[in-house]
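Coordinates in review
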Number of protein chains: 2
Amino acid sequence: MTRLRFELLNTSGRGRRGRIFTAHGVVETPTFMPVGTAATVKAMTVDAVKATGAQIVLGNTYHLMLRPTAERIARLGGLHKFMNWEGPILTDSGGYQVMSLTALRKMSENGVTFRSHLDGSAHTLTPERSTEIQNLLDATITMAFDECTPYPATHEVAKQSMELSMRWAERSRKAFVARPGYGQFGIVQGSVYPDLRARSMDALIPMDFEGYAVGGLAVGEGQPIMFAVLDQTTPRLPVEKPRYLMGVGKPADLVGAVQRGIDMFDCVLPTRSGRTGQAFTRRGTVNIRNARHQDDPRPLDPDCTCPACSSYSRAYLHHLTRAGEILGAMLLTWHNIHYYQELMAGMRKAIEEDRLDSFAAEFHREQAAGDLAPWQ
Amino acid sequence: MTRLRFELLNTSGRGRRGRIFTAHGVVETPTFMPVGTAATVKAMTVDAVKATGAQIVLGNTYHLMLRPTAERIARLGGLHKFMNWEGPILTDSGGYQVMSLTALRKMSENGVTFRSHLDGSAHTLTPERSTEIQNLLDATITMAFDECTPYPATHEVAKQSMELSMRWAERSRKAFVARPGYGQFGIVQGSVYPDLRARSMDALIPMDFEGYAVGGLAVGEGQPIMFAVLDQTTPRLPVEKPRYLMGVGKPADLVGAVQRGIDMFDCVLPTRSGRTGQAFTRRGTVNIRNARHQDDPRPLDPDCTCPACSSYSRAYLHHLTRAGEILGAMLLTWHNIHYYQELMAGMRKAIEEDRLDSFAAEFHREQAAGDLAPWQ
């Protein structure tokens, strides 16, 4: 087996139905990757994650390098064994968290020095170190180390940031240890500026990464700008490589991005929302903490087959959430990940049948219809 | 089917192997009931609870009457349906929590008035109201409303408290709505005084409860005194009724109490400890937060078949617990309940084979041997 390989099976408009072959199994795309920040998808067992249909999860280099450390995970046999997830794992490069979580950081051409948010200890991340850490973790897919350009940024700031990320991409690529069924993705930067995005792709594509991510989005620019950037970007990416939109998003973001040729997503939204009582359903978002649910014997979503919907009432989920019970977080997280996976499966089928746009129209119609009418 | 029925199958010394037939299924005794305070065994799905071998769970009248309220649970079809637990449920009477959780309470011959720890609202519990609440919850086993005598208590205080509880037991019994396969247990009080325990039993036994609990123990008196009270108490209880030691306990407490003729237990220890990193194993208790586990690739208990032990290292469980991850609470709770259920299953088998004392000796030998030696 050569490096990680992508097979494009069908298209529907710009939507792509594909398959990623990895050392840890096959990923059907478009795919959503649940976030397993600290070597666990929060509030879920791996069996539950698998049961939702998820095929690949994400791990966070920043969190894992600080605790329990990459070296420790390597000694224990790698991240797959550590967290008991046999399937593919994508790790981010740590760059995004360094920018967003740590106050005391110092950027240079070489990389970033920063202090841990846990104990204040000093650390350095460079393209080489980030790649080494991801290698120690045994990540199936390694991400190039980049600077996530803040939003908004002037053209000049965005240009310098993108150019730094491109130099870092080259160093990341050199540091990557190729292994059969493993791969490394480069990250397109350039903020909202089409010329910078184009130059970023011109720089990355010759490096021949196994896939390309679109970075620097979902940072506050809003869906119309995000979609506009995708419209300018994905047509210039190589068709034979998977495309990953980092940190996205809400269900409507996923649908629109798949329509714009994205194959992979990750986001904390379904897991984080599950811990605060917010559920995603085909009829839109439902805040189960709302008092209107307290006597409602109906399931959260009558058409959903997840355990939260098939075995429990809204009244019970409301009770658990109000009482701060862990089971509330467990069930709502499960539901949200299940819903996200069903949405992706629906899009995969729609692309196979070349009806992605009508799928999207039906999705928007259902979302707009809103939640079930109040129970009598 | 008549009221809940107990069948005594075997004995070994004073240890009893029995079977309780209820409207919601059979319970093999001796049994341990996981505590489902607020209509959930904390951090566990019902499937996980079932998978440990648990056959009956406990619900708390005090917590449920305040939130979501007994009336709401009744409207929603009862506690079994609400929490998706089809098996038997025993509910306590609320008396213990009123005494221990609420600051503003007022006792009278009639009952207790108190303020909710949640919102300060005023409530009254009487024998009639406690029994009505448990009926609304559809409890398989209803407990008589009693006063849990504080420890230590003078003979005079313990006498008056016990006598009040006996008058309340009579009122509770009258308020109980008999249904096929349902039952109500009376509670023996009398603190550490054999004459008071005897008078309590003399009062309760003519009321012909479907079972008898030993109350007022595990309140700080220590294991030797607790065992001494059991030695004086269980021989005077009717052999044809199940016996329940409330709020107990550590594994060694369970073994000693089964040797003294107890059939049923409940305790928050395995669930609460699971959320704070303490694990119960056949080699004693293990604090997984301890730094000695951080590089240990071995399972918590190599002889345990629970998911925490069969799929994860101590290093991983240590990491989860240190990182405050919900999965740590989920896995350790699962392990602890699994261990408790295995311990009970072991005792049931030992009684069947009339070797309970040698089982207990082996249990104590293993516990004393201590945890695995440090990993190299």
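Rules behind the numbers
- Residues numbered from 1 in each chain as written.
- Chains lettered and ligands numbered in written order.
- Predicted model: local features only at pLDDT ≥ 70, side-chain atom pairs only at ≥ 80, totals over all residues.
- Heavy atoms only, no water.
- UniProt positions renumbered as here; feature names shortened; annotations may be inferred.
- Buried < 20%, exposed > 50% of the residue type's maximum accessible area, 1.4 Å probe, protein only.
- Contact = heavy atoms within 4.5 Å.
- Buried area = accessible area lost by both parts, 1.4 Å probe.
- Salt bridge = Lys/Arg side-chain N within 4 Å of Asp/Glu carboxyl O.
- Helix = DSSP H or I, 4+ residues; strand = E, 2+ residues; numbered from the N terminus.
- Least-squares fit on C-alpha atoms with pLDDT ≥ 70 in both.
- Disulfide = S-S within 2.5 Å.
- Domains from an automatic or database assignment.
- Polar contact = N/O pair within 3.5 Å; in protein donor to acceptor, adjacent residues only side chain to side chain.

The next subject is the UniProt feature "binding site: substrate" (unreviewed entry) in chain A. Residue and element names in this part refer to chain A. In this numbering, the UniProt entry assigns the feature "binding site: substrate" (unreviewed entry) to Asp92, Ser93, Gly94, Gly95, Tyr96, Asp146, Gln189 and Gly216. Residue Gly95 is classed as buried on the basis of its relative accessible area of 0%. Beyond its immediate chain neighbours, meaning those up to four positions away, Gly95 contacts Phe145 and Asp146. Here Tyr96 falls in the partly exposed class, since its relative accessible area comes to 43%. The residues contacting Tyr96, other than those within four sequence positions of it, are Cys148 and Val219.

Residue-level contacts link 34 residues of chain B with 34 residues of chain A. Summing both partners gives a buried area of about 3000 Å² for chain B against chain A, and 58% of it is carried by carbon and sulfur. The interface formed by chain B and chain A includes six salt bridges. Where Arg75 of chain A meets Asp295 of chain B, a salt bridge forms, and the shortest distance between an N and an O atom there is 2.9 Å. Listing elements by their share of the side of chain B that touches chain A, those giving two or more residues are helix H3 (70-75), helix H4 (79-83), helix H13 (314-322) and helix H14 (326-352) of chain B.

Once chain B has been moved 0.0 Å along the axis and rotated by 180°, it coincides with chain A to within an RMSD of 0.0 Å. Accordingly, the operation relating the two chain copies is best matched by a two-fold axis. Considering only C-alpha atoms, the part of chain B nearest the rotation axis is Ile326 of chain B, at 3.7 Å. With an isologous cut-off of 70% or more, the 100% of interface residues of chain B that recur at the interface of chain A puts this contact in the isologous class.

Further remarks concern the state of the cysteines. All names here are of chain A. Inspection of every chain in the model, using the stated rule, returns zero disulfides over all chains. The structure places no disulfide on Cys148, whose sulfur is separated from the nearest cysteine sulfur, that of Cys267, by 13 Å. With no disulfide of its own, Cys309 lies closest to Cys304 among cysteine sulfurs, the gap being 3.9 Å.

Residues and elements named next belong to chain A. As far as domains go, chain A holds domain 1 (5-267) and domain 2 (274-369). For domain 1 and domain 2, the distance between their C-alpha centres works out to 27 Å. Between domain 1 and domain 2, a total of about 2400 Å² is buried, with carbon and sulfur atoms accounting for 72% of that surface. Here domain 1 and domain 2 share one salt bridge between them. When the shortest N-O distance is used, the salt bridge between Glu352 and Arg17 registers 2.7 Å. Linking domain 1 with domain 2 are eight residue pairs in polar contact (both at pLDDT 80 or more). Where the side of domain 1 that touches domain 2 is concerned, the elements lending two or more residues are strand S1 (5-12), strand S2 (15-22), strand S3 (25-29), strand S4 (31-34), helix H1 (46-51) and helix H10 (251-258). Of all the elements, H10 adds the most residues to the side of domain 1 that touches domain 2, at five residues.

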